[in-house]
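Coordinates in review
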Amino acid sequence: MPKLVAPTVRLHAAWLEAHDEWGPGLHEDGFGLQSTDEVRSPDGFAAWVTRLADRSGPDGPLEDGRVRCTYRWIVEDDRVLGGIALRHELDDYLLRVGGHIGYGIRPSARRRGLATWALDRMLSEARTLGLARVLLACESDNTASAKTIERLGGVLEDIRDTELGPARRYWITL
């Protein structure tokens with residue numbers, strides 16, 4: 001049975017296995033991974049996990065241009081299957097490109113309903129934060145993600161060109 005867990009150094013090897021399965025680059029939507037993060041070494045991984053925890057809390061410093069964000073990993077039997085992030089508010093960039101929630105499922109764990117399961121739980125968390133509706137975006141050709149969002153009540157606002165390419169933008173009323 002999968003669980004949503006806060007990022008933890010305990011799952012370093014499992015996270016690296018998932019990261020390697022995705023291949024090179026920053027493909028893991030929902031993990032908050034930045035190009036400057038060094039996640040291979042234990043110290044670098046610990047620093048990254050600490051930064052994610054700092055961004056989740058109601059207090060503490062934020063890097064310039066960042067918003068509060070709750071990160072969760074989708075884990076089953078100590079295997080990292082994916083990640084999901086709930087941004088507590090939208091800035092101009094997130095309104096154009098990213099939305100409130102981003103998620104990713106590692107290739108070998110897809111087609112199991114994990115994205116729908118995790119998104120449903122994060123929508124509950126968004127309600128707890130007092131959000132009335134949330135914006136989600138996916139690549140315009142990502143049919144699986146579009147279906148996941150629509151399954152949970154997403155209403156397509158538009159398809160638009162963004163800094164990251166064409167994106168479908170959905171609103172879910174909570």
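Our subject is the structure that appears above.
Now for a description of the structure that goes with this document. (Residues numbered from 1 in each chain as written. Predicted model: local features only at pLDDT ≥ 70, side-chain atom pairs only at ≥ 80, totals over all residues. Heavy atoms only, no water.)

Turning next to the packing of aromatic side chains. Per the counting criterion, the structure on display carries eight aromatic pairs. Seen in terms of ring centroids, Trp15 and Phe31 are 5.8 Å apart; in terms of plane orientation they differ by 85°. Their pairing is edge-to-face. Here the residue Trp15 occupies a position in helix α1 (residues 12-22), and Phe31 occupies one in the loop between α1 and α2 (42-56), the gap between them amounting to 16 residues. Measuring from centroid to centroid gives 6.0 Å for Trp48 and Trp73, while their planes differ by 25°, and the two rings are stacked. On the criterion of sequence distance, the pair formed by Trp48 in helix α2 and Trp73 in strand β2 (residues 69-76) is long-range, its members being 25 residues apart. Judged by relative accessible area, which is 1%, Trp48 ranks as buried. In this structure Trp73 comes out as buried when scored by relative accessible area, which is 0%. Following the ring pairs from residue to residue traces out a cluster consisting of Trp15, Trp22, Phe31, Phe45, Trp48 and Trp73. Over the ring of Trp171 we find Arg133; its NZ or CZ atom is 3.7 Å from the centre of that ring. (Phe/Tyr/Trp six-rings, centres within 6.5 Å; stacked < 30°, edge-to-face > 60°. Helix = DSSP H or I, 4+ residues; strand = E, 2+ residues; numbered from the N terminus. Buried < 20%, exposed > 50% of the residue type's maximum accessible area, 1.4 Å probe, protein only. Lys NZ or Arg CZ within 6 Å of the ring centre and 35° of its normal.)

A few words now on the pattern of salt bridges. Here the structure, examined in full by the defined rule, presents 14 salt bridges. Measuring nitrogen to oxygen at the nearest pair gives 3.2 Å for the salt bridge that ties Glu17 to Arg106. Linking Glu17 in helix α1 with Arg106 in the loop between β4 (101-105) and α4 (114-128), this pair joins segments that are 89 residues apart in sequence. Residue class for Glu17 comes out partly exposed when judged on its relative accessible area of 42%. Here Asp120 and Arg121 are joined by a salt bridge, their closest N and O atoms 3.9 Å apart. Look at Arg121 and you get partly exposed, because its relative accessible area is 37%. (Salt bridge = Lys/Arg side-chain N within 4 Å of Asp/Glu carboxyl O.)

Phi at Asp77 takes a positive value of approximately 50°, unusual for a residue other than glycine. Relative to the helices and strands, Asp77 is located in the loop between β2 and β3 (79-87). Given a relative accessible area of 73%, Asp77 falls into the exposed group. Residue Asp78 is not a glycine yet carries a positive backbone phi of 60°. Tracing the backbone through its elements, the reader meets Asp78 in the loop between β2 and β3. According to the relative accessible area criterion, Asp78 is partly exposed, its value standing at 44%.

Listed as buried for helix α5 (residues 143-151) are Ser145, Ala146, Thr148 and Ile149. Buried residues of α5, seen end-on, are gathered within an arc of 160° and therefore sit on one face of the element. Residues Ala144 and Arg151 are exposed on α5 and point more than 90 degrees away from its buried face. Tucked into the core, α5 has its buried residues touching β4, α4, β5 (133-139) and β7 (165-173). (Arc of directions from axis to C-beta. Contact = heavy atoms within 4.5 Å.)

Shape descriptors only; they carry no functional weight alone.
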